Amino acid sequence: MERTLILAKPDAVQRGLVGEIIGRFERRGLQIVALKLLQVSPEVAKRHYQEHAGKPFFERLVSYITSTPVAAMVLEGPNAIEICRCTIGATNPAAATPGSIRGDMAVTVGRNLVHGSDSEPSAKREIDLFFEKTELLGYARENRWIIEA
Ligand code: DAT
Ligand code: MG
């Protein structure tokens with residue numbers, strides 16, 4: 001089992017695509033273990049995107065992700081990180097496969113709708129950055145409604 005952090009970014013919220021995006025992950029078979037709307041602070045944004053600090057697009061990226069609320073969620077499932085990355089599609093929507101979220105609903109890299117963690121260490125770091133342990137379903141296993149066959 002893996003967990004991954006997904007953000008429906010400001011453009012997704014503005015365009016009314018949060019339900020569509022969550023629906024795609026749910027239909028794929030992943031379990032939502034945390035979900036909330038929040039306005040990302042500049043501090044959290046800079047830590048979230050720390051690997052991109054110094055790149056030419058960094059300031060624009062931080063200003064964009066902090067501009068209006070995002071929907072943040074933690075999804076769980078077997079290979080959740082890779083499955084989400086595939087469901088999201090390539091970073092540049094121009095290269096994203098049709099059928100993926102970016103390949104179906106986005107056109108520019110600066111407005112590519114969704115963030116998904118890219119590795120286990122990133123997922124852990126990003127989940128800890130956006131959620132308290134007590135906000136995660138499954139922290140107390142008896143809170144879970146999933147049928148574990
Ligand atoms: P991803 O979001 O697919 O993990 P990333 O981690 O390489 O992609 O970059 C984070 C975000 O930064 C990306 O979703 C959009 C923005 N970005 C990346 N490369 C960019 C570029 N060359 N120009 C403008 N924005 C870029
Ligand atoms: Mg990334």
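Being a predicted model, the structure only gives us computed values, none of them experimental.

The rules behind these values
Residues numbered from 1 in each chain as written. Chains lettered and ligands numbered in written order. Predicted model: local features only at pLDDT ≥ 70, side-chain atom pairs only at ≥ 80, totals over all residues. Heavy atoms only, no water. Near = heavy atom within 4 Å. Polar contact = N/O pair within 3.5 Å; in protein donor to acceptor, adjacent residues only side chain to side chain. Nonpolar A, V, L, I, M, F, W, Y, C, P; charged D, E, K, R; others polar. Pairing = 2+ DSSP bridges. Helix = DSSP H or I, 4+ residues; strand = E, 2+ residues; numbered from the N terminus. Axes fitted to C-alpha atoms, helices over the stretch in contact; angles between N-to-C directions. Buried < 20%, exposed > 50% of the residue type's maximum accessible area, 1.4 Å probe, protein only. Contact = heavy atoms within 4.5 Å. Salt bridge = Lys/Arg side-chain N within 4 Å of Asp/Glu carboxyl O.

Can you walk me through the site of ligand 1 in this structure?
Near ligand 1 the following residues occur: Lys-9, Tyr-49, His-52, Phe-57, Leu-61, Arg-85, Thr-91, Arg-102, Val-109 and Asn-112. Note that an oxygen atom of ligand 1 is positioned 2.5 Å from one of the side-chain N or O atoms of Thr-91. Of the residues assigned to the shell around ligand 1, the class counts are 4 nonpolar, 3 polar and 3 charged.

Just checking my understanding: could you explain the sheet that holds strand β3 (residues 70–77) for this structure?
Strand order in this open sheet of 4 strands is β2-β3-β1-β4, and the pairing throughout is antiparallel. Of all strands in the sheet, those with a lone pairing partner are β2 (31–38) and β4 (114–116), marking the two edges. Recorded for the sheet is a direction-independent mean angle of 15° between the axes of neighbouring strands. With 7 bridges connecting them, strand β1 (residues 2–8) and β3 associate as antiparallel partners. In the sheet register, Leu-5 faces β3, and the bridge partner there is Val-74.

What's the story with the pairing of β1 in this structure? I'm lost.
In terms of burial, β1 is largely enclosed, as 6 of its 7 residues are buried. Examined bridge by bridge, β1 and β4 share 3 bridges and lie antiparallel to one another. The residue of β4 that forms the bridge with Ile-6 is Gly-116.

What am I meant to see in the environment of Ala-72 here?
Relative to the assigned elements, Ala-72 resides in strand β3. When its relative accessible area of 0% is taken as the criterion, Ala-72 is described as buried. Ala-72 sits 66 residues away from Ile-6 along the chain, and the two C-alpha atoms are 5.9 Å apart. Beyond its immediate sequence surroundings of up to four residues, Ala-72 is in contact with Ile-6, Leu-7, Ala-34, Leu-35, Lys-36, Leu-38, Phe-130 and Phe-131.

I tried to follow the pattern of salt bridges on my own but got confused; where do I start?
Once the charged atoms of two side chains with opposite charge are near each other, the side chains can pair. One pass over the structure, following the stated rule, counts 6 salt bridges. Across the pair Arg-24 and Glu-20 runs a salt bridge whose closest N-O atoms are separated by 2.7 Å. Within this pair, Arg-24 and its partner Glu-20 are both found in helix α2 (residues 18–28), separated by 4 residues, close to a single helical turn. In this structure Arg-24 comes out as buried when scored by relative accessible area, which is 16%. With its nearest N and O atoms 3.0 Å apart, the salt bridge here joins Arg-24 to Asp-104. Of the two residues, Arg-24 is situated in helix α2 and Asp-104 in helix α6 (residues 101–105); the sequence distance between them amounts to 80 residues. Using a relative accessible area of 40% as the deciding quantity, one classes Asp-104 as partly exposed.

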